[in-house]
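# Observations on the model geometry
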Amino acid sequence: MRGPLFLAPLALVAGGTALATAPIAQKLGEPLPPRTPEQVYSSTCAYCHGANVGPVIRGRALPAAMVEMTVRQGRNAMPAFRPSEISPAELHGLAQWIEAGPADLKEKGQ
Amino acid sequence: MTVTLDRRGLLGAGVAGAASVGLSGVAGAKPVLAKGMRKADFKGAIAAMRAVVGPEWVFADEDAVRPWRKTYVPDPSGRHAPVGAVCPGTVEEVQALVKIANQFRQPLWPVSTGKNMGYGMTSTAAPGQVVLDLKRMNRIISVDPELCTALVEPGVTYRQLKDYLVEHNLPLWIDVPTVGPVASPVGNTLDRGVGYTPYGEHFMVQCGMEVVLPNGEILRTGMGSTRNPSAWQAFKWGYGPYLDGLFTQSNFGVVTKMGMWLMPAPPVYKPFVVRHKRVEDVAKIVEAMRPLRISNIIPNVVLMMSAGYQLAMFQRRGEIWDHPEPVTDEALMAAGAKVGLGYWNTYFALYGTPEMIAANEAIVRAAFAAIDGEVLTEAEMQGNPYFHHHATLMQGGLSLEEVGIVRWKGAGGGLAWFAPVAPAKGNETTGQIALAKQILGRHGFDYTSAFAIGSRELHHIIALLYDKSDPEEEKRADACYRELVAGFGERGWASYRTGVHAMDLVAQQYGAVNRAFNATLKHAIDPNHILAPGKSGIA
Ligand SMILES: Cc1cc2nc3c(=O)[nH]c(=O)nc-3n(C[C@H](O)[C@H](O)[C@H](O)COP(=O)(O)OP(=O)(O)OC[C@H]3O[C@@H](n4cnc5c(N)ncnc54)[C@H](O)[C@@H]3O)c2cc1C
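Conventions adopted
Residues numbered from 1 in each chain as written. Chains lettered and ligands numbered in written order. Predicted model: local features only at pLDDT ≥ 70, side-chain atom pairs only at ≥ 80, totals over all residues. Heavy atoms only, no water. Helix = DSSP H or I, 4+ residues; strand = E, 2+ residues; numbered from the N terminus. Buried < 20%, exposed > 50% of the residue type's maximum accessible area, 1.4 Å probe, protein only. Contact = heavy atoms within 4.5 Å. Areas by Shrake-Rupley, 256 points an atom, 1.4 Å probe, with all protein chains shown as cover. Lys, Arg positive; Asp, Glu negative; His and termini not counted. Charge placed at Lys NZ, Arg CZ, Asp CG, Glu CD. pLDDT = per-residue confidence, 0-100. Near = heavy atom within 4 Å. Polar contact = N/O pair within 3.5 Å; in protein donor to acceptor, adjacent residues only side chain to side chain. Nonpolar A, V, L, I, M, F, W, Y, C, P; charged D, E, K, R; others polar. Salt bridge = Lys/Arg side-chain N within 4 Å of Asp/Glu carboxyl O. Core = buried A, V, L, I, M, F, W, Y, C linked by side-chain atoms within 4.5 Å. Pairing = 2+ DSSP bridges. Axes fitted to C-alpha atoms, helices over the stretch in contact; angles between N-to-C directions. Parallel < 35°, antiparallel > 145°, perpendicular 65-115°, else oblique. Left-handed = near helix turned anticlockwise from the far one by under 90°. Domains from an automatic or database assignment. Buried area = accessible area lost by both parts, 1.4 Å probe.

### Examining the overall build of chain B
- Scanning chain B for helices and strands turns up 16 helices and 19 strands.
- Each of the three principal axes of chain B carries a C-alpha extent, and together these read 65 × 60 × 60 Å.
- Split into buried and exposed, the 539 residues of chain B put 63% on the buried side.
- Restricting to contacts in chain B with at least 6 residues of sequence separation, those with at least 24 account for 75%.
- When the accessible surface of chain B is summed, it comes to about 19,300 Å², and 57% of that surface belongs to carbon and sulfur atoms.
- Here chain B holds 51 positive side-chain charges and 50 negative ones, and the gap between their average locations is 4 Å.

Set out below in structure tokens:
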């Protein structure tokens, strides 16, 4: 019985199960370790920004302080993200990374 | 350095004024303390909480609490804004916080990941509460690849759980609500949320809980409190009265661990959509679907998405309709036809071996051919973003695309879900649609909806979309929602779930004896009423 159930599903839908990026490693029984700016971006922001929900925010030199404030307060259709979700240190790194980093041309406008 | 804000960015900033970006969506009025509490009690509670979790994890001033006040639901008077937040990292800290709450009579509002979007996020049912934010408790405690089960803490997101399964190459699926990346199995299940694989009814596949009771004691449900709890995630019922239900949509305890069943990845997964052109077609779709769901020939939670809802995901209202009156069905049908949508778009999937799928596909195709449905698959729908979205959801894939609907009515970000339940019978749909359009129309809102069939029941999921940056429209949305609850209630259609802004009102629909029974339980379990007063109308 076990055999067939453990086959990988035939991908009838292209890209359906793909994660936005590589999985973020977490050990059983331990809290999620601190994440890099890329990891925070890809596991949260990238599902909206550049994906038809929010505007593209990379490669626009958006000031880090403004990014931090927007994340903590939310804005209009964007929910707020609390320090319990994205730690102060993670957010600091992320905001710097967004301000300084280039655009990702795969991201869509809207 | 010069900064270019795009038009929408400027609009957003403009709403709140230059100094404070994005106050729209944050309750304006100054929050008040809980009934009977003095300032000194609040200060005492906050100081004691700081000693437990560390000062960096307690938030009590206006500015610091702001991330917990953001919400999409209407709250014109600001009465749902919390007064503080505390973020424990362990079960022991939760126990200590509950004791402090009793000592100072400071109510706590527990959330897991706090992304209850369109139901209140981390805002609270009654004023004066401190959010007990469990997001830092994000340990995946165990995953059993043989029993296909997991035990997780409240702060574990669906994305975290999926990452774990992918990293360890475990052929198990998760089942997500539409907004998986930032939401959690614990928070979603405790509000009795749904997803779209065969494991979509989340409370059905929940197994075993650890709960911190209002007196600080730890209760483990089911097999969890026996000497050898190895069957904790295998057997739901334990012995004696089944307790887990008491901790869903309630305020009787703080859930600190939850067991769940995971679906083994099937060898083949095949998603479908059936297109129907006319509004009234939904009655016959429900009639065709019911026997297929009850017999499990179609095994997943099925969605019948209206053109209005689907269009709102990727388009703005002004692109389709530029009148203040509600958008007409004709306009929606015309806009939908351009992007490959019918008025109703029914999404379901088949899972199993190629032989199983072939056999069931024949049955399903015959059932929908009989009601003039266009049955389409990846072969015809490749590149269609709506099909792709639902094909992602029906295999537990992660997406936030659907949050786009919150921008339908304007940038302001306003959404309140109204979700009345009926039996899965076609004749129930016609009256519900007419009533919904009538009430929404009276307040100038559009009918943007979906129907879901879990098994024998029909959820009518109506997204009340409004512009929250317009205070007048926010008031109108609030009034409209209340009329929806009352108007549907009169016809015997009550909601399966609601937001913090309407919990008492929905509780009234379930009758005086139910309310009194819940109140009796509440008083016995939580005599000081320190846990989430007002949740589900239980005060
Ligand atoms: C576009 C869109 C689509 C959506 N689609 C779906 C969908 O398909 N299905 C669906 O179900 N929802 C849907 N939602 C609603 C909501 O966002 C999800 O249900 C989400 O999973 C709830 O947030 P959460 O998981 O963070 O739970 P939380 O916000 O953490 O919890 C929800 C509530 O449960 C209670 N609670 C949480 N944790 C605890 C605890 N540990 N102890 C005691 N009580 C607790 C609290 O009352 C809390 O307010 C959608 C929202 C949007 C905007």
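### A short note on the confidence of the model for chain A
- Per-residue pLDDT for chain A averages 85, and the proportion of residues at 70 or more is 80%.
- Note on residues 1-18 of chain A: pLDDT under 50 across the span, and 35 contacts to partners over four residues away in sequence or across chains.

### Brief notes about the site of the ligand
Residue and element names in this part refer to chain B.
- Inspection of the region around the ligand gives 32 residues, with Ser112, Thr113, Lys115, Tyr196 and Arg497 positioned closest.
- The separation between a nitrogen atom of the ligand and a polar main-chain atom of Val255 is 2.9 Å.
- One of the side-chain N or O atoms of Lys535 is found 2.9 Å from an oxygen atom in the ligand.
- Protein contact buries 97% of the 970 Å² of open area that the ligand shows by itself.
- Contributions of two or more residues to the shell around the ligand are made by strand E3 (108-111), helix H6 (185-190), strand E10 (254-261) and strand E16 (414-418).
- When grouped by side-chain class, the residues that make up the shell around the ligand number 17 nonpolar, 10 polar and five charged.

### A short note on the pattern of salt bridges
- Under the defined criterion, the tally for this structure stands at 33 salt bridges over all chains.
- Residue B:Glu361 pairs with B:Lys270 through a salt bridge whose shortest N-O separation is 3.0 Å. Of this pair, B:Glu361 sits in helix H10 (residues 354-369) while B:Lys270 sits in strand E12 (residues 268-276), and the two are 91 residues apart along the sequence.
- Put simply, B:Asp281 and B:Lys284 hold a salt bridge, and the shortest N to O gap is 3.7 Å.
- Salt bridges sharing partners connect three or more residues here, namely A:Arg58, A:Asp104, A:Lys106 and A:Glu107.

### Considering the nonpolar core
All names here are of chain B.
- In terms of nonpolar packing, the biggest core is built from 150 residues, with Met304, Trp344, Phe348, Phe368, Ile405, Leu440 and Tyr447 touching the most fellow members.
- With seven residues, the top contributor of residues to this core is strand E19 (residues 457-466).
- With 40 residues, the next largest nonpolar core counts Cys87, Ile100, Val111 and Val130 among its residues.

### What about helix H12 (residues 385-393) of chain B?
Residues and elements named next belong to chain B.
- Counting buried residues along H12, seven of its nine residues qualify, which places the element largely inside the surrounding structure.
- All of the buried residues along H12 are Tyr386, Phe387, His389, His390, Ala391, Thr392 and Leu393.
- The secondary structure elements touched by the buried residues of H12 are E12, strand E13 (302-306), helix H8 (307-314), strand E14 (344-352), strand E15 (374-377) and helix H11 (378-381).
- In this structure Asn384 caps H12, since a side-chain oxygen of it lies 2.9 Å from the backbone nitrogen of Tyr386.

### Let's talk about helix H5 (residues 158-167) of chain B
- Within H5(B), eight of the 10 residues are buried, which leaves the element mostly enclosed by the surrounding structure.
- Considered for burial, the residues of H5(B) that qualify are B:Tyr158, B:Arg159, B:Gln160, B:Leu161, B:Lys162, B:Asp163, B:Tyr164 and B:Leu165.
- Those residues of H5(B) that are buried are in contact with helix H2 (37-43) of chain A together with strand E5 (140-144), strand E6 (149-152), strand E7 (172-173), H6 and E10 of chain B.
- Phi turns positive one or two residues past the end of H5(B), at B:Asn169, with a value near 55 degrees.

### Some thoughts on the pairing of E13(B)
Residue and element names in this part refer to chain B.
- Counting buried positions along E13 yields five of five residues, so the element is predominantly enclosed.
- By the alternation rule, side chains of E13 split into Val302, Met304 and Ser306 and Leu303 and Met305, which are all buried.
- In this structure, E13 lies alongside strand E18 (residues 449-453), joined through four bridges in antiparallel fashion. Pairing of Leu303 across the sheet is with Ala452, part of E18.
- Note that E13 and E14 share four bridges and pair antiparallel.

### Examining the side chain of A:Arg58
- Inspection of the secondary structure assignment puts A:Arg58 in the loop between H2 and helix H3 (64-73).
- Assessed through its relative accessible area of 16%, A:Arg58 is described here as buried.

### Some details on the packing of helix H7 (residues 282-294) of chain B against helix H13 (residues 426-442) of chain B
Residues and elements named next belong to chain B.
- Interhelical geometry of H7 versus H13 gives an angle of 150 degrees and a closest axis separation of 7 Å. Judged by the inter-axis angle, H7 sits roughly antiparallel to H13. The way H7 lies across H13 gives a crossing that is right-handed. Every residue of H13 that contacts H7 at Val282, Ala283, Val286 and Glu287 is listed here: Gly426, Thr429, Thr430 and Ile433.
- The residue makeup of the contact of H7 with H13, split by class, is four nonpolar, three polar and one charged.

### What about the sheet that holds strand E2 (residues 84-86) of chain B?
Residues and elements named next belong to chain B.
- The four strands are arranged E1-E2-E4-E3 in an open sheet whose pairing can be described as mixed. Here the strands that pair on one side only, and so sit at the sheet edges, are strand E1 (58-59) and E3.
- With respect to the sheet, helix H4 (residues 91-104) is in contact with E2, E3 and strand E4 (130-133), its orientation differing from that of E3 by roughly 155 degrees.

### What about the packing of H8(B) against H12(B)?
Residues and elements named next belong to chain B.
- Where H8 contacts H12, the axes come no closer than 11 Å and their chain directions differ by 95 degrees. Judged on the interaxial angle alone, H12 and H8 are roughly perpendicular. For the pair formed by H8 and H12, the contact residues are Gln310, Leu311, Met313 and Phe314 on the first element and Pro385, Tyr386, His389 and His390 on the second.
- Here the residues of the contact of H8 with H12 are counted per class, giving five nonpolar, three polar and no charged.

### A word on the domain arrangement of chain B
All names here are of chain B.
- Structurally, chain B comprises domain 1 (1-136), domain 2 (140-264) and domain 3 (268-499).
- Between the C-alpha centres of domain 2 and domain 3 there is a distance of 28 Å.
- Across the boundary between the two partners, domain 2 contributes 23 residues, which contact 20 residues of domain 3.
- Between domain 2 and domain 3, roughly 1,800 Å² of surface is buried when both sides are summed, and carbon and sulfur atoms account for 67% of that area.
- Three residues stand out in domain 2 for area buried against domain 3, namely Trp173, Thr178 and Tyr196, and they jointly supply 35% of the buried area on that side.
- Our count for the domain 2 to domain 3 interface comes out at one salt bridge.
- The partner of Asp191 in a salt bridge is Arg497, with the nearest N and O atoms 3.2 Å apart.
- Counting the contacts that link domain 2 with domain 3 gives four residue pairs in polar contact (both at pLDDT 80 or more).
- Grouping the constituent residues of the side of domain 2 that touches domain 3 by class yields 10 nonpolar, seven polar and six charged.

### Description of the sheet that holds strand E8 (residues 206-212) of chain B
All names here are of chain B.
- Judged by pairing direction, the sheet is antiparallel, and its five strands sit side by side in the order E5-E6-E10-E8-E9 without closing on themselves. Only two strands of the sheet have a single neighbouring strand rather than two, namely E5 and strand E9 (218-220). Strand-to-strand twist across the sheet, computed as the mean angle between neighbouring axes with direction ignored, equals 10 degrees.
- Relative to E6, E5 runs antiparallel, the two sharing four bridges. From the neighbouring strand, Asp144 faces E6, where its bridge partner is Thr149.
- In the packing of H4 onto the sheet, the strands contacted are E8, E9 and E10, and the crossing angle to E8 comes to about 50 degrees.
- Along the sheet, H5 contacts E5, E6 and E10; its crossing angle with E5, the most-contacted strand, is approximately 45 degrees.

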